[in-house]
Structure formats: C-alpha cells, structure tokens
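Here is what each chain is made of, one letter per residue.
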Amino acid sequence: NAGVMQNPRHLVRRRGQEARLRCSPMKGHSHVYWYRQLPEEGLKFMVYLQKENIIDESGMPKERFSAEFPKEGPSILRIQQVVRGDSAAYFCASSPGQSYGYTFGSGTRLTVV
Amino acid sequence: AQSVTQLGSHVSVSEGALVLLRCNYSSSVPPYLFWYVQYPNQGLQLLLKYTTGATLVKGINGFEAEFKKSETSFHLTKPSAHMSDAAEYFCAVSDRVTQGGSEKLVFGKGTKLTVNP
C-alpha cells in the first residue's frame with residue numbers, strides 16, 4: 001500500500017520557467033492538501049482540494065500559482081514564471097475524509113536558479 | 001487567527017535524558033493539536049494528536065504530550081532520548097472542522113532536536 005507519492009523529488013528551474021509538481025494520494029484518499037516549507041520555517045498551508053474541486057485556496061499566492069485535482073490522475077501544483085523566492089520544499093498530504101488526519105508525502109524540493 | 005509558538009529552535013539532550021519540546025498555541029475555538037517529526041529530506045510523520053477526551057496523549061516512539069487549556073500549551077516529552085530521536089519536530093494546530101470545511105494546519109517553526117552520545 002504505497003503512501004503519498006510526490007514527484008519529482010528535486011526540481012531545478014530557471015527564473016521565468018514553469019514548475020509542475022505532482023502528488024498521487026494514497027489509494028482511497030480523495031482529499032489533498034498542499035503546503036510549502038521555506039528554509040528555517042514551518043509548513044504553510046497553500047490549498048485544499050477534493051476531486052475536481054478547490055475547497056480552500058486561502059494560502060495560495062494570488063498570482064502565478066494554481067492547483068488542480070482532476071477526476072483521474074494526480075493533483076498538480078503549478079507555478080508559472082518562477083522566481084528565486086519560490087525555492088522551497090512543497091509537501092502534499094492526503095486524507096480519506098474529514099477528521100481522519102492526513103498523511104504527508106516526502107516532498108518536492110524546488111530550486112530556482 | 002490561530003498561531004503556534006515553539007520555544008527553542010534548537011534543543012540538545014544527552015542520550016537517555018528527558019526530552020521536553022515546548023509548544024504554545026493561540027486559538028479562538030477549541031483546537032485540535034498535533035506533533036509531527038521530520039527527518040532530513042523526508043516528509044512529516046505524525047507522532048500524536050489531541051482532539052477530544054483525555055488530555056494526556058500517547059504517541060509513537062515513546063513520545064507523549066499533555067494538553068493544558070489553562071496554559072494554552074501542548075508540550076512534547078519523552079522520558080529517555082535515543083539517538084534515533086534526532087530530527088526536527090513541529091507542533092501544529094487546526095480548527096475543529098465544520099462539515100465540508102478545511103482541516104488546514106497551522107505549524108510552528110519547528111525545533112531541531114540533537115541527541116548527544
């Protein structure tokens with residue numbers, strides 16, 4: 001029973017490029033959360049999705065960032081026109097529903113050069 | 001708005017000594033409280049959580065935490081540190097969830113635990 005799978009583990013992008021981060025939730029999990037961890041900081045909530053719906057995007061930057069969780073396939077966090085300040089570890093977590101708690105993936109470490 | 005304060009960004013203990021990691025929270029509603037552990041270049045693993053009921057919560061790897069409402073604290077303890085406990089520990093708080101609501105967590109900045117032989 002695989003855990004939450006994130007890929008790639010490491011991603012290097014030049015300033016101005018697009019970054020696509022993928023998250024495959026655990027089997028049977030239909031709730032996905034994305035968090036960002038900046039150096040020396042705790043995790044900050046970005047967005048909460050259920051299949052085909054964004055439920056809470058209160059932590060998402062207003063520009064350049066978007067997320068989706070289609071009916072089929074993984075959840076995608078997309079960052080357009082990346083800047084150095086986007087360099088961080090991005091973690092996905094999944095849950096089977098409310099009040100179950102959730103399981104984190106190992107993260108994608110984005111470096112913008 | 002909720003917040004979490006972890007006192008001490010670095011804590012160092014000797015192997016076999018008591019581990020005490022401090023966490024204070026701020027919440028306008030009765031909170032859910034969590035402790036997570038993160039090993040280098042890995043994701044977060046849940047150690048324990050408090051939702052309702054008994055205020056002393058036991059978790060994995062011999063850790064426990066006590067919810068003290070009057071002190072707004074949720075400190076993490078372990079009687080005897082092991083070398084394998086060296087990691088970063090995060091305290092987190094979330095609202096009690098309304099139907100259809102978000103269970104987002106607010107994290108503290110973390111405490112790095114070093115265990116000396």
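Structure's up top.
Throughout this description, residue numbers start from 1 for each chain and increase along the sequence as written. Chain labels run from A onward and ligand labels from 1 onward, assigned in the order the entries are written. Confidence filtering applies because this is a predicted model: local features only for residues at pLDDT of at least 70, side-chain atom pairs given and counted only at 80 or more, and all residues used for totals across whole chains, interfaces and linings. Computation of side-chain values covers all heavy atoms of the structure but excludes hydrogens and water.

The subject of this paragraph is the state of the cysteines. Residues and elements named next belong to chain B. Any pair of cysteine sulfurs within 2.5 Å is marked as a disulfide. If you walk through the whole model with that rule in mind, you get two disulfides over all chains. One disulfide in the model links cysteine 23 with cysteine 91; its S-S distance is 1.9 Å. Here the S-S torsion is close to -65°, and the disulfide linking cysteine 23 with cysteine 91 is therefore left-handed. Of this pair, cysteine 23 sits in the loop between β3 (19–21) and β4 (24–26) while cysteine 91 sits in strand β10 (residues 87–95), and the two are 68 residues apart along the sequence. Note on exposure labels: buried denotes an accessible area under 20% of the residue type's maximum, exposed denotes more than 50%, and partly exposed covers the range between, all computed with a 1.4 Å probe on protein chains only. Assessed through its relative accessible area of 0%, cysteine 23 is described here as buried. Numbering of helices and strands starts at the N terminus; helices are DSSP runs of H or I of at least 4 residues and strands are runs of E of at least 2.

Our focus in this paragraph is the interface of chain A and chain B. Residue contacts follow a heavy-atom distance rule, with two residues in contact if any of their heavy atoms lie within 4.5 Å. Contacts between the two partners involve 24 residues from chain A, matched on the other side by 21 residues from chain B. Buried area is understood as the total, over both parts, of accessible area removed when two parts are fitted together, assessed with a 1.4 Å probe. Taking both partners together, chain A and chain B bury about 1800 Å²; carbon and sulfur atoms supply 44% of that area. By convention in these notes, a salt bridge is any Lys or Arg side-chain nitrogen within 4 Å of a carboxyl oxygen on Asp or Glu. In this structure, the connection of chain A to chain B is made through one salt bridge. Where B:Lys104 meets A:Asp56, a salt bridge forms, and the shortest distance between an N and an O atom there is 3.4 Å. Polar contact is defined as a pair of N or O atoms within 3.5 Å, subject to the rule that within protein one atom must be able to donate a hydrogen and the other to accept it, and that residues adjacent in sequence are counted only when both atoms are side-chain atoms. Viewed at the interface, chain B and chain A are joined by four residue pairs in polar contact (both at pLDDT 80 or more).

In this section: the environment of A:Val113. All names here are of chain A. Tracing the sequence through the fold places valine 113 in the segment after β11 (108–112). Once the C-alpha coordinates of valine 113 and histidine 29 are considered, the two residues, 84 residues apart in sequence, prove to be 35 Å apart. The contact partners of valine 113, leaving out residues within four places of it in the chain, are Val12, Arg13, Arg14, Arg15 and Arg84.

It is worth spelling out the packing of aromatic side chains at this point. Residues and elements named next belong to chain A. Working definition: a ring pair exists when centres of Phe, Tyr or Trp rings (six-membered ring for Trp) sit within 6.5 Å. Plane angles under 30 degrees give stacked, over 60 give edge-to-face, the rest tilted. Overall, the coordinates contain 16 aromatic pairs over all chains when judged by the stated rule. Between tyrosine 33 and tyrosine 102, the aromatic rings sit 4.4 Å apart at their centres with planes inclined by 25°, giving stacked as the arrangement. Of this pair, tyrosine 33 sits in strand β4 (residues 31–37) while tyrosine 102 sits in the loop between β9 (88–95) and β10 (103–104), placing them 69 residues apart in sequence. The exposure class of tyrosine 33 is buried, given its relative accessible area of 1%.

It is worth spelling out the nonpolar core at this point. Among soluble globular proteins, nonpolar side chains are generally buried collectively. Within this scheme, the nonpolar core is defined by two criteria: the residues are buried Ala, Val, Leu, Ile, Met, Phe, Trp, Tyr or Cys, and they are joined through side-chain atoms within 4.5 Å. Core analysis: the biggest nonpolar cluster contains 26 residues, and B:Trp35, B:Leu47, B:Leu48, B:Phe74, B:Leu76 and B:Tyr89 have the highest contact counts within it. Of all elements in the fold, only β2 (10–14), β3, β5 (31–38), β6 (44–50), β8 (64–68), β9 (73–78), β10 and β12 (111–116) of chain B reach the threshold of two or more residues within this core. Sequence-distant contacts of B:Leu47, defined by excluding residues within four places in its chain, comprise B:Trp35, B:Tyr36, B:Val37, B:Gly59, B:Ile60, B:Asn61, B:Phe63, B:Leu76 and B:Tyr89. Core analysis: the second largest hydrophobic core is formed by 23 residues, A:Val47, A:Ile79, A:Ala88 and A:Val112 among them.

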